[in-house]
Amino acid sequence: MYCIRKITEDLTYIGSSDRRLALFENVFPLPRGVSYNSYLLQDEKTVLFDTVDNSVAARFLENLRYALDGRELDYLVINHIEPDHCSMISAVMRLYPGVTLVGNVKTQNMLGQFFDFDSEPNFLIVKEDDSLETGRHSLTFAMAPMVHWPEAMVTYDKTDKILFSADAFGTFGALSGNIFADELDFEHGWEEDARRYYTNIVGKYGTHVQQLLVKAAGLDIAVICPLHGPVWRENIEYLFEKYQKWSTYMPEESGVMIAYASVYGNTENVAEILAFRLAEMGVSDIKMFDVSVTHPSYIVAEAFKRSHLVFAAPTYNSSVFCNMETLIRDIKEHNLQNRTVAFIGNGSWAPIAAKKMREVFETIKGTTILENSVVIKSSLKSDQLEAVAKLAEEIVSSME
(Lines give C-alpha, C1' and ligand atoms only; values in the text may rest on other atoms or scores of the structure.)
Protein backbone atom coordinates (compact mmCIF):
# COMPACT_ATOMS: atom_id res chain seq x y z
CA MET A 1 0.00 0.00 0.00
CA TYR A 2 0.96 3.65 -0.38
CA CYS A 3 3.15 5.65 2.02
CA ILE A 4 2.56 9.36 1.43
CA ARG A 5 2.11 12.50 3.52
CA LYS A 6 0.63 15.89 2.80
CA ILE A 7 3.02 18.83 3.12
CA THR A 8 0.47 21.42 2.09
CA GLU A 9 -3.03 21.13 0.67
CA ASP A 10 -1.58 20.79 -2.85
CA LEU A 11 1.80 19.16 -2.18
CA THR A 12 2.39 15.54 -1.24
CA TYR A 13 5.53 13.70 -0.18
CA ILE A 14 5.80 10.48 -2.24
CA GLY A 15 9.43 9.47 -1.59
CA SER A 16 10.75 6.42 0.18
CA SER A 17 13.71 5.24 2.27
CA ASP A 18 16.35 2.55 1.89
CA ARG A 19 17.52 0.98 5.16
CA ARG A 20 19.51 -1.79 3.45
CA LEU A 21 22.03 0.34 1.58
CA ALA A 22 25.43 0.08 3.29
CA LEU A 23 27.33 2.81 1.43
CA PHE A 24 26.04 6.05 -0.09
CA GLU A 25 27.67 6.56 -3.50
CA ASN A 26 29.47 3.31 -2.60
CA VAL A 27 31.71 5.35 -0.26
CA PHE A 28 29.95 6.72 2.82
CA PRO A 29 28.54 4.42 5.53
CA LEU A 30 24.79 4.62 6.12
CA PRO A 31 24.13 3.10 9.55
CA ARG A 32 20.67 4.75 9.57
CA GLY A 33 19.89 4.37 5.88
CA VAL A 34 18.88 7.19 3.54
CA SER A 35 15.71 8.69 2.12
CA TYR A 36 15.03 9.51 -1.51
CA ASN A 37 12.54 12.35 -1.58
CA SER A 38 10.07 13.11 -4.33
CA TYR A 39 7.14 15.52 -4.25
CA LEU A 40 3.89 15.81 -6.21
CA LEU A 41 2.12 19.15 -6.72
CA GLN A 42 -1.53 18.92 -7.74
CA ASP A 43 -2.90 22.07 -9.34
CA GLU A 44 -4.64 22.63 -12.67
CA LYS A 45 -1.47 20.94 -13.89
CA THR A 46 0.30 18.18 -11.97
CA VAL A 47 4.02 18.50 -11.26
CA LEU A 48 6.43 15.85 -10.01
CA PHE A 49 9.64 17.15 -8.44
CA ASP A 50 12.41 14.62 -9.10
CA THR A 51 12.21 10.86 -8.88
CA VAL A 52 14.10 8.36 -6.71
CA ASP A 53 16.72 5.63 -6.73
CA ASN A 54 16.01 2.24 -8.31
CA SER A 55 16.20 0.61 -4.88
CA VAL A 56 12.82 2.09 -3.89
CA ALA A 57 11.23 2.00 -7.35
CA ALA A 58 8.19 -0.12 -6.52
CA ARG A 59 7.15 1.97 -3.52
CA PHE A 60 7.69 5.23 -5.40
CA LEU A 61 5.57 4.21 -8.39
CA GLU A 62 2.82 2.98 -6.10
CA ASN A 63 2.89 6.28 -4.21
CA LEU A 64 2.82 8.28 -7.44
CA ARG A 65 -0.12 6.39 -8.93
CA TYR A 66 -2.11 6.63 -5.69
CA ALA A 67 -1.41 10.34 -5.20
CA LEU A 68 -2.40 11.16 -8.80
CA ASP A 69 -5.63 9.23 -8.32
CA GLY A 70 -6.23 8.72 -12.02
CA ARG A 71 -4.94 12.09 -13.18
CA GLU A 72 -2.25 12.42 -15.83
CA LEU A 73 1.19 13.77 -14.97
CA ASP A 74 1.89 17.04 -16.77
CA TYR A 75 5.40 17.99 -15.67
CA LEU A 76 8.47 16.33 -14.18
CA VAL A 77 10.93 18.91 -12.81
CA ILE A 78 14.48 17.56 -12.74
CA ASN A 79 16.35 19.61 -10.16
CA HIS A 80 19.26 17.18 -10.08
CA ILE A 81 20.08 14.37 -12.46
CA GLU A 82 22.29 12.19 -10.28
CA PRO A 83 21.05 8.58 -10.54
CA ASP A 84 19.72 8.42 -6.98
CA HIS A 85 17.18 11.05 -8.09
CA CYS A 86 16.72 10.45 -11.80
CA SER A 87 16.67 6.65 -12.08
CA MET A 88 12.89 6.48 -12.46
CA ILE A 89 12.54 9.07 -15.23
CA SER A 90 12.15 6.50 -17.98
CA ALA A 91 9.64 4.50 -15.90
CA VAL A 92 7.60 7.66 -15.25
CA MET A 93 7.63 8.45 -18.98
CA ARG A 94 6.37 4.99 -19.82
CA LEU A 95 3.47 5.42 -17.39
CA TYR A 96 2.76 9.01 -18.46
CA PRO A 97 3.98 9.43 -22.05
CA GLY A 98 2.59 12.95 -22.28
CA VAL A 99 4.72 14.28 -19.43
CA THR A 100 6.97 17.28 -20.09
CA LEU A 101 10.44 17.12 -18.57
CA VAL A 102 11.63 20.43 -17.08
CA GLY A 103 15.29 21.26 -16.62
CA ASN A 104 18.15 23.42 -17.79
CA VAL A 105 20.43 22.90 -20.80
CA LYS A 106 22.97 20.99 -18.76
CA THR A 107 20.21 18.76 -17.42
CA GLN A 108 19.12 17.85 -20.94
CA ASN A 109 22.69 17.10 -22.02
CA MET A 110 23.33 14.87 -19.03
CA LEU A 111 19.97 13.14 -19.46
CA GLY A 112 21.30 11.77 -22.73
CA GLN A 113 24.29 10.34 -20.89
CA PHE A 114 22.10 8.23 -18.62
CA PHE A 115 19.25 7.29 -20.96
CA ASP A 116 18.90 6.26 -24.61
CA PHE A 117 15.56 7.91 -25.40
CA ASP A 118 15.29 11.18 -27.29
CA SER A 119 14.18 13.69 -24.67
CA GLU A 120 13.94 16.75 -26.92
CA PRO A 121 10.25 16.40 -27.88
CA ASN A 122 9.31 16.15 -24.20
CA PHE A 123 11.78 18.66 -22.74
CA LEU A 124 11.17 22.23 -21.56
CA ILE A 125 14.43 24.11 -21.04
CA VAL A 126 14.36 26.69 -18.26
CA LYS A 127 16.87 29.39 -17.34
CA GLU A 128 17.53 31.53 -14.27
CA ASP A 129 14.34 33.25 -13.07
CA ASP A 130 12.13 31.56 -15.68
CA SER A 131 8.60 30.82 -14.51
CA LEU A 132 6.16 27.97 -14.99
CA GLU A 133 2.47 28.58 -14.25
CA THR A 134 0.53 25.50 -13.18
CA GLY A 135 -2.77 27.17 -12.25
CA ARG A 136 -2.82 28.57 -8.74
CA HIS A 137 0.90 27.99 -8.34
CA SER A 138 3.78 29.85 -9.94
CA LEU A 139 7.15 28.10 -10.07
CA THR A 140 10.46 29.89 -10.63
CA PHE A 141 13.87 28.36 -11.21
CA ALA A 142 17.35 29.25 -9.97
CA MET A 143 20.56 27.59 -11.04
CA ALA A 144 22.72 26.05 -8.30
CA PRO A 145 25.78 24.77 -10.19
CA MET A 146 28.18 22.56 -8.22
CA VAL A 147 25.76 22.07 -5.36
CA HIS A 148 26.95 19.53 -6.00
CA TRP A 149 26.79 18.74 -9.76
CA PRO A 150 27.06 21.35 -12.54
CA GLU A 151 23.46 20.97 -13.70
CA ALA A 152 21.87 21.33 -10.25
CA MET A 153 19.07 23.84 -9.85
CA VAL A 154 16.36 24.65 -7.32
CA THR A 155 12.68 25.42 -7.80
CA TYR A 156 10.67 27.93 -5.77
CA ASP A 157 6.89 27.81 -5.47
CA LYS A 158 5.92 31.47 -5.05
CA THR A 159 2.38 30.60 -4.02
CA ASP A 160 3.13 28.43 -0.99
CA LYS A 161 6.70 29.74 -0.44
CA ILE A 162 8.29 26.32 -0.87
CA LEU A 163 11.90 25.79 -1.94
CA PHE A 164 12.65 22.48 -3.66
CA SER A 165 16.35 22.55 -2.85
CA ALA A 166 17.80 19.49 -4.65
CA ASP A 167 20.86 18.23 -2.73
CA ALA A 168 21.16 21.41 -0.68
CA PHE A 169 19.95 21.05 2.93
CA GLY A 170 19.97 17.26 2.62
CA THR A 171 20.68 14.74 5.36
CA PHE A 172 21.70 11.10 5.66
CA GLY A 173 19.18 8.90 7.47
CA ALA A 174 16.00 7.05 6.57
CA LEU A 175 12.65 8.67 7.32
CA SER A 176 10.18 6.70 9.42
CA GLY A 177 6.82 8.36 8.94
CA ASN A 178 7.97 11.60 10.57
CA ILE A 179 9.08 13.46 7.45
CA PHE A 180 9.28 16.91 9.06
CA ALA A 181 12.36 18.12 10.94
CA ASP A 182 10.17 19.57 13.70
CA GLU A 183 8.78 16.08 14.36
CA LEU A 184 12.31 14.86 15.09
CA ASP A 185 14.92 15.69 17.72
CA PHE A 186 17.01 17.07 14.89
CA GLU A 187 19.74 18.74 16.91
CA HIS A 188 20.57 15.58 18.87
CA GLY A 189 19.46 12.84 16.49
CA TRP A 190 20.06 14.24 13.00
CA GLU A 191 22.53 17.13 13.08
CA GLU A 192 25.58 14.86 12.86
CA ASP A 193 24.15 13.15 9.78
CA ALA A 194 23.35 16.55 8.25
CA ARG A 195 26.92 17.72 8.87
CA ARG A 196 28.45 14.51 7.52
CA TYR A 197 26.22 14.72 4.45
CA TYR A 198 27.14 18.35 3.76
CA THR A 199 30.87 18.11 4.42
CA ASN A 200 31.43 14.97 2.38
CA ILE A 201 28.97 15.49 -0.46
CA VAL A 202 28.85 19.26 -0.90
CA GLY A 203 31.68 20.54 1.30
CA LYS A 204 34.21 21.12 -1.46
CA TYR A 205 31.92 23.68 -3.09
CA GLY A 206 31.52 26.27 -0.35
CA THR A 207 31.72 29.22 -2.75
CA HIS A 208 28.86 27.80 -4.81
CA VAL A 209 26.81 27.11 -1.69
CA GLN A 210 27.34 30.73 -0.68
CA GLN A 211 25.90 31.83 -4.03
CA LEU A 212 22.83 29.67 -3.43
CA LEU A 213 22.42 31.06 0.10
CA VAL A 214 22.39 34.58 -1.34
CA LYS A 215 19.63 33.57 -3.74
CA ALA A 216 17.69 31.89 -0.92
CA ALA A 217 18.01 35.01 1.23
CA GLY A 218 16.05 36.91 -1.41
CA LEU A 219 13.10 34.53 -1.12
CA ASP A 220 10.34 34.29 1.45
CA ILE A 221 10.74 30.60 2.36
CA ALA A 222 8.19 28.81 4.53
CA VAL A 223 9.14 25.23 3.62
CA ILE A 224 12.31 23.55 2.34
CA CYS A 225 11.93 20.24 0.50
CA PRO A 226 15.34 18.61 0.01
CA LEU A 227 16.07 15.41 -1.90
CA HIS A 228 17.42 13.59 1.18
CA GLY A 229 16.29 13.81 4.78
CA PRO A 230 13.48 15.68 6.52
CA VAL A 231 11.36 18.54 5.21
CA TRP A 232 11.78 21.88 6.98
CA ARG A 233 8.75 23.99 7.89
CA GLU A 234 10.01 25.47 11.18
CA ASN A 235 13.29 26.89 12.48
CA ILE A 236 14.70 27.32 8.98
CA GLU A 237 17.08 29.97 10.36
CA TYR A 238 18.91 27.23 12.28
CA LEU A 239 19.54 25.34 9.07
CA PHE A 240 20.75 28.46 7.25
CA GLU A 241 23.13 29.28 10.13
CA LYS A 242 24.71 25.84 9.85
CA TYR A 243 25.10 26.16 6.10
CA GLN A 244 26.60 29.62 6.51
CA LYS A 245 29.33 28.27 8.79
CA TRP A 246 29.95 25.11 6.80
CA SER A 247 30.17 26.90 3.46
CA THR A 248 32.55 29.57 4.79
CA TYR A 249 34.66 26.91 6.54
CA MET A 250 34.31 28.52 9.94
CA PRO A 251 34.35 26.28 13.04
CA GLU A 252 31.08 25.72 14.83
CA GLU A 253 32.81 25.18 18.17
CA SER A 254 36.07 25.91 19.93
CA GLY A 255 37.30 22.38 20.57
CA VAL A 256 40.01 19.87 19.75
CA MET A 257 39.79 16.89 17.43
CA ILE A 258 42.64 14.39 17.69
CA ALA A 259 42.91 11.91 14.82
CA TYR A 260 45.60 9.27 15.24
CA ALA A 261 47.02 6.26 13.45
CA SER A 262 48.93 3.69 15.45
CA VAL A 263 50.39 0.32 14.46
CA TYR A 264 51.48 -0.98 17.88
CA GLY A 265 49.89 1.57 20.20
CA ASN A 266 52.84 3.89 20.78
CA THR A 267 51.52 6.78 18.68
CA GLU A 268 48.10 6.29 20.23
CA ASN A 269 49.72 6.60 23.67
CA VAL A 270 51.11 10.06 22.85
CA ALA A 271 47.70 11.16 21.55
CA GLU A 272 46.04 9.92 24.75
CA ILE A 273 48.57 11.74 26.95
CA LEU A 274 47.96 14.95 25.00
CA ALA A 275 44.20 14.56 25.47
CA PHE A 276 44.64 14.15 29.24
CA ARG A 277 46.91 17.20 29.45
CA LEU A 278 44.37 19.26 27.52
CA ALA A 279 41.60 18.11 29.83
CA GLU A 280 43.67 19.02 32.89
CA MET A 281 44.08 22.49 31.42
CA GLY A 282 40.32 22.95 31.14
CA VAL A 283 39.53 21.86 27.57
CA SER A 284 36.20 20.06 27.82
CA ASP A 285 35.47 19.56 24.13
CA ILE A 286 37.91 16.88 22.95
CA LYS A 287 37.08 14.20 20.36
CA MET A 288 39.47 11.38 19.42
CA PHE A 289 39.41 9.06 16.40
CA ASP A 290 41.49 6.05 15.41
CA VAL A 291 41.71 6.52 11.63
CA SER A 292 42.00 2.76 11.12
CA VAL A 293 38.65 2.20 12.86
CA THR A 294 36.51 5.22 11.94
CA HIS A 295 35.52 5.91 8.35
CA PRO A 296 37.09 9.15 7.05
CA SER A 297 33.68 10.72 6.39
CA TYR A 298 33.00 10.95 10.14
CA ILE A 299 36.39 12.52 10.84
CA VAL A 300 36.05 15.00 7.96
CA ALA A 301 32.69 16.08 9.41
CA GLU A 302 34.21 16.51 12.86
CA ALA A 303 37.07 18.53 11.38
CA PHE A 304 34.50 20.92 9.89
CA LYS A 305 32.94 21.28 13.34
CA ARG A 306 35.98 22.01 15.54
CA SER A 307 38.52 24.80 15.66
CA HIS A 308 41.68 22.82 16.50
CA LEU A 309 42.91 19.64 14.83
CA VAL A 310 45.75 17.33 15.90
CA PHE A 311 47.04 14.59 13.61
CA ALA A 312 49.24 11.84 15.02
CA ALA A 313 50.75 9.17 12.78
CA PRO A 314 53.77 6.91 12.31
CA THR A 315 56.01 6.94 9.29
CA TYR A 316 55.00 4.20 6.86
CA ASN A 317 56.68 3.30 3.57
CA SER A 318 58.75 6.48 3.79
CA SER A 319 55.60 8.57 4.08
CA VAL A 320 52.55 8.89 6.36
CA PHE A 321 50.63 5.84 7.58
CA CYS A 322 48.24 4.94 4.77
CA ASN A 323 44.91 5.52 6.57
CA MET A 324 46.07 8.87 7.88
CA GLU A 325 47.25 9.80 4.40
CA THR A 326 43.74 9.02 3.10
CA LEU A 327 42.16 11.19 5.79
CA ILE A 328 44.43 14.15 5.16
CA ARG A 329 43.84 13.90 1.43
CA ASP A 330 40.08 13.88 2.03
CA ILE A 331 40.28 16.94 4.27
CA LYS A 332 42.28 18.83 1.66
CA GLU A 333 40.02 17.73 -1.21
CA HIS A 334 36.92 18.81 0.71
CA ASN A 335 38.47 22.28 0.93
CA LEU A 336 38.46 22.65 4.72
CA GLN A 337 40.06 25.95 5.76
CA ASN A 338 40.64 28.24 8.74
CA ARG A 339 41.77 25.68 11.31
CA THR A 340 44.59 25.58 13.86
CA VAL A 341 46.58 22.38 13.36
CA ALA A 342 49.29 20.44 15.22
CA PHE A 343 51.17 17.21 14.49
CA ILE A 344 52.60 14.21 16.31
CA GLY A 345 54.96 11.96 14.38
CA ASN A 346 56.56 8.58 15.03
CA GLY A 347 59.18 6.50 13.24
CA SER A 348 61.61 3.84 14.35
CA TRP A 349 64.43 4.89 12.02
CA ALA A 350 63.14 7.72 9.80
CA PRO A 351 60.44 9.70 11.64
CA ILE A 352 59.16 11.97 8.86
CA ALA A 353 55.37 11.62 9.25
CA ALA A 354 54.93 14.94 11.06
CA LYS A 355 56.96 16.73 8.40
CA LYS A 356 54.94 15.15 5.59
CA MET A 357 51.61 16.00 7.21
CA ARG A 358 52.75 19.56 7.80
CA GLU A 359 53.65 19.95 4.12
CA VAL A 360 50.06 19.12 3.15
CA PHE A 361 48.48 21.60 5.56
CA GLU A 362 50.88 24.35 4.53
CA THR A 363 49.01 24.35 1.21
CA ILE A 364 45.55 24.69 2.81
CA LYS A 365 44.10 28.19 2.97
CA GLY A 366 43.74 29.82 6.36
CA THR A 367 45.61 27.10 8.28
CA THR A 368 47.51 28.09 11.41
CA ILE A 369 50.20 25.50 12.17
CA LEU A 370 51.41 25.38 15.75
CA GLU A 371 55.15 25.43 16.34
CA ASN A 372 55.34 22.63 18.90
CA SER A 373 55.21 19.30 17.07
CA VAL A 374 56.03 16.12 18.96
CA VAL A 375 58.24 13.57 17.23
CA ILE A 376 59.15 10.24 18.84
CA LYS A 377 61.20 7.25 17.80
CA SER A 378 59.26 4.05 18.42
CA SER A 379 57.86 5.08 21.81
CA LEU A 380 57.53 8.11 24.06
CA LYS A 381 60.29 8.52 26.67
CA SER A 382 59.88 10.26 30.01
CA ASP A 383 62.07 13.17 28.93
CA GLN A 384 59.62 13.87 26.05
CA LEU A 385 56.63 14.43 28.32
CA GLU A 386 57.56 18.09 28.51
CA ALA A 387 57.25 18.34 24.70
CA VAL A 388 53.69 16.98 24.93
CA ALA A 389 52.94 19.45 27.73
CA LYS A 390 54.25 22.35 25.62
CA LEU A 391 52.06 21.29 22.72
CA ALA A 392 49.05 21.19 25.05
CA GLU A 393 49.93 24.65 26.36
CA GLU A 394 50.22 26.05 22.85
CA ILE A 395 46.87 24.55 21.84
CA VAL A 396 45.11 26.00 24.88
CA SER A 397 46.80 29.39 24.42
CA SER A 398 45.65 29.53 20.78
CA MET A 399 42.06 28.80 21.86
CA GLU A 400 41.86 31.88 24.07
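See the structure shown above.
Conventions and cut-offs
Residues numbered from 1 in each chain as written. Predicted model: local features only at pLDDT ≥ 70, side-chain atom pairs only at ≥ 80, totals over all residues. Heavy atoms only, no water. Helix = DSSP H or I, 4+ residues; strand = E, 2+ residues; numbered from the N terminus. Expected span 1.5 Å × (residues − 1). Buried < 20%, exposed > 50% of the residue type's maximum accessible area, 1.4 Å probe, protein only. Contact = heavy atoms within 4.5 Å. Pairing = 2+ DSSP bridges. Axes fitted to C-alpha atoms, helices over the stretch in contact; angles between N-to-C directions. Salt bridge = Lys/Arg side-chain N within 4 Å of Asp/Glu carboxyl O.

1. Some thoughts on helix H9 (residues 266–280)
In an α-helix, one full turn covers 3.6 residues, which means residues spaced three or four apart are oriented alike.
Argument step 1. Over its 15 residues, H9 extends 21 Å from the first C-alpha to the last, a length consistent with the 21 Å expected when each residue adds 1.5 Å.
Argument step 2. Within H9 the residues assigned to the buried category are Thr 267, Val 270, Ala 271, Ile 273, Leu 274, Ala 275 and Leu 278.
Argument step 3. Those residues of H9 that are buried lie in contact with strand E17 (253–260), strand E18 (286–290), strand E19 (306–316), strand E21 (340–346), strand E23 (374–376) and helix H13 (385–399).
Argument step 4. One or two residues past the end of H9 sits Gly 282, with phi positive at roughly 100°.

2. Here's the deal with the sheet that holds strand E2 (residues 11–13)
Argument step 1. As summarised here, the arrangement of the seven strands in space is E1-E2-E7-E8-E9-E10-E11, forming an open sheet in which the pairing is mixed. Where the open sheet ends on each side, the last strands, each with one partner, are strand E1 (5–6) and strand E11 (123–125).
Argument step 2. Taken together, the three bridges between strand E9 (residues 75–77) and strand E10 (residues 100–103) define a ladder with parallel strand orientation. Bridged to Tyr 75 within E10 is Thr 100.
Argument step 3. Together, strand E7 (39–42) and strand E8 (46–49) form the strand contacts of helix H1 (residues 57–68), whose direction differs from that of E7 by roughly 10°.

3. Thoughts on the pattern of salt bridges
Argument step 1. Per the stated rule, a full pass over the model turns up 24 salt bridges.
Argument step 2. Notably, a salt bridge pairs Glu 128 with Lys 215, separated by 3.2 Å at the nearest N-O pair. Of this pair, Glu 128 sits in the loop between E11 and strand E12 (131–133) while Lys 215 sits in helix H7 (residues 206–217), placing them 87 residues apart in sequence.
Argument step 3. Using a relative accessible area of 32% as the deciding quantity, one classes Glu 128 as partly exposed.
Argument step 4. We note a salt bridge from Glu 302 to Lys 287, for which the minimum N-O separation is 3.8 Å.

4. Let's talk about the pairing of strand E13 (residues 138–143)
Argument step 1. Here E13 lies mainly inside the structure; six of its six residues are buried.
Argument step 2. Of the two faces of E13, the one carrying Ser 138, Thr 140 and Ala 142 and the one carrying Leu 139, Phe 141 and Met 143 are both buried.
Argument step 3. Across three bridges, E12 lies against E13 in antiparallel orientation. Note that in E13 the partner of Glu 133 across the bridge is Ser 138.
Argument step 4. Where E12 folds back on E13, the antiparallel hairpin that results is connected by four residues, among which Gly 135 adopts a positive phi of roughly 125°.
Argument step 5. Two elements, E13 and strand E14 (residues 153–157), share five bridges in a ladder whose sense is antiparallel. The partner of Leu 139 across the bridge, within E14, is Asp 157.

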